[in-house]
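For reference, the chains in residue letters:
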Amino acid sequence: MRLIGHPLSCGTRVYDEDRLDHYARMLVVATSFVEKTVVCGRRLVLLNRHAISARRGLMVSGLPGTGKTSAITQLGLAHELLDRARHPNSTDRIPVLYITVPPAATARMVAAEFARFLGLPVRGRSNMTDIIKAVVGVCTDTRAGLVLVDEIHNVSQVTRAGAEVSDTLKYFSERIPATFVYAGINLETSELLAGTRGAQISGRFTLVPTRPFPYSEEWKGLVATMEATLLLHDHPPGSLVKLDRYLYNRADGMIGALSHAIRGAAIDAILSGTERVTKEGIDAIPLDHAAETMAKPLKKAVAR
């Protein structure tokens with residue numbers, strides 16, 4: 001076993017750092033939910049292509065850790081690749097925008113998020129109207145076709161600030177000829193859809209819900225796909241697939257928790273020199289509070 005801090009050659013250190021960096025990246029798997037989000041999003045982009053107003057949008061909703069952000073970013077990637085293929089010689093296009101709504105956001109904060117993504121300067125004295133005008137102008141000039149707004153559950157229609165944020169997003173959607181995609185936690189029951197403004201969103205946006213995975217063939221395939229990405233020297237192929245039921249119970253069917261557990265155990269395997277992911281190694285990885293809370297009753301039941 002190689003202990004952390006044990007002297008290594010420069011080449012070995014670089015090699016191990018490359019492997020650690022591999023596990024630091026979030027693995028995106030083409031699950032049925034990701035595929036559905038991409039298909040629905042692409043369909044809406046095409047339907048909106050020649051729309052003058054009243055463009056339809058997409059809402060992606062579900063519990064934390066069910067892959068909402070991964071799904072919309074894959075939609076964004078698919079759209080950008082298609083746009084680049086259609087316009088290979090264009091260098092002034094920005095096909096996709098992505099912003100995150102901050103907690104307790106104000107309309108100015110959201111407008112500033114758009115501006116920062118586009119590289120526009122936002123100063124303390126910048127006028128709100130000027131920021132919005134600049135964002136709309138750049139988006140129009142650069143042919144933005146898809147706008148991804150993450151953490152949209154931070155918008156509440158029952159507060160004045162939240163209503164102003166909603167109005168600002170609606171203004172952007174009317175002025176920017178693009179398809180808007182919202183992603184957030186349990187949007188069906190959130191204050192985003194409250195009141196008249198919420199009813200307008202409900203009437204214009206298609207909802208794609210995400211849920212924890214059931215223990216099924218898709219879950220087994222998910223484990224196998226993640227195991228195939230392991231860059232370890234002494235990991236027996238298929239050993240994680242044999243633990244798919246344990247992994248399901250450990251992660252409570254959440255793809256985020258599963259990814260965190262496997263990647264964390266792989267990092268530990270490199271640092272310790274064991275070079276394999278085991279049940280014990282995964283057990284040692286602390287997961288998010290929700291997954292840990294769900295796992296406790298199961299562990300007690302197994303102990304009995």
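For the structure, check the block above.
Let me begin by describing the structure that accompanies this report. (Residues numbered from 1 in each chain as written. Predicted model: local features only at pLDDT ≥ 70, side-chain atom pairs only at ≥ 80, totals over all residues. Heavy atoms only, no water.)

### Structural notes on the overall build of the protein chain
Note the following rule: Think of it this way: any DSSP run of H or I at least four residues long counts as a helix, any run of E at least two long counts as a strand, and we number them from the N terminus. Each residue gets one of three labels from its accessible area relative to the maximum for its type: buried under 20%, exposed over 50%, partly exposed in between, using a 1.4 Å probe on protein chains only. Throughout, a contact is declared for two residues whenever any of their heavy atoms are within 4.5 Å. Working definition of accessibility: Shrake-Rupley area with a 1.4 Å probe, residue cover restricted to the visible protein chains. Within this scheme the basic residues Lys and Arg register as positive and the acidic residues Asp and Glu register as negative, but His and the chain ends are omitted. A charged residue contributes its charge at one atom only: NZ of Lys, CZ of Arg, CG of Asp or CD of Glu.
A tally of regular secondary structure across the protein chain gives 12 helices and five strands. Overall, the protein chain is about 60 × 50 × 40 Å in size when its C-alpha atoms are taken along their principal axes. Buried positions account for 42% of the 304 residues belonging to the protein chain. In the protein chain, the proportion of contacts linking residues at least 24 apart, taken out of those at least 6 apart, comes to 74%. Of the roughly 15,800 Å² that the protein chain leaves accessible, carbon and sulfur atoms contribute 57%. Across the protein chain, the centroid of the 37 positively charged side chains sits 5 Å from that of the 30 negatively charged ones.

### Comments concerning the sheet that holds strand β3 (residues 146–150)
Inclusion rule: Should DSSP find at least two bridges between two strands, the strands are regarded as paired. Orientation is described by lines fitted to C-alpha atoms, with helices fitted over the stretch in contact, and by angles between N-to-C directions that extend from 0 to 180 degrees.
What the five strands build is an open sheet, ordered β2-β3-β4-β1-β5; its pairing is parallel. The open sheet has two edge strands with one neighbour each: β2 (96–100) and β5 (205–210). With strand direction ignored, the average angle separating the axes of adjacent strands in the sheet is 15°. Bridging between β3 and strand β4 (residues 179–185) involves four bridges; their strand directions are parallel. Across the sheet, L148 pairs through a bridge with V181, a residue of β4. The strands touched by helix α3 (residues 68–86) within the sheet are β1 (57–62), β2, β3, β4 and β5, with β3 carrying the most contacts at an inclination of about 165°. Contacting β1 and β5, helix α7 (residues 195–204) runs over the sheet at an angle of about 80° to β5.

### Notes on the pairing of β4
Put simply, the rule reads: For a crossover, the right-handed case is the one in which the path from the first strand over the helix to the second runs clockwise, viewed with the strands pointing away from the viewer.
Burial runs high along β4: six of the seven residues are buried. Judged from the five bridges that link them, β1 and β4 form a sheet pairing that is parallel. Bridging from a neighbouring strand, G62 pairs with I185 of β4. You can see the chain leave β3, run along helix α6 (residues 160–175) and come back into β4, and the turn it takes is right-handed.

### Things to note about helix α5 (residues 128–141)
Rules: By this rule, a helix spans an expected 1.5 Å times one less than how many residues it contains. We define a polar contact as two N or O atoms separated by no more than 3.5 Å, with the added condition that, inside protein, one atom must be a possible hydrogen donor and the other a possible acceptor, whereas residues neighbouring each other in sequence contribute only through side-chain atom pairs.
With 14 residues, α5 should reach 20 Å at 1.5 Å per residue; the first-to-last C-alpha distance of 20 Å fits that figure. Here the buried face of α5 lies against β2, α4 (107–117) and α6. You can read the cap of α5 off the contacts: a side-chain oxygen lies 2.7 Å from the backbone nitrogen of T129, and it is on N127. Of the residues flanking the end of α5, it is R143, one or two places downstream, whose phi is positive at about 60°.

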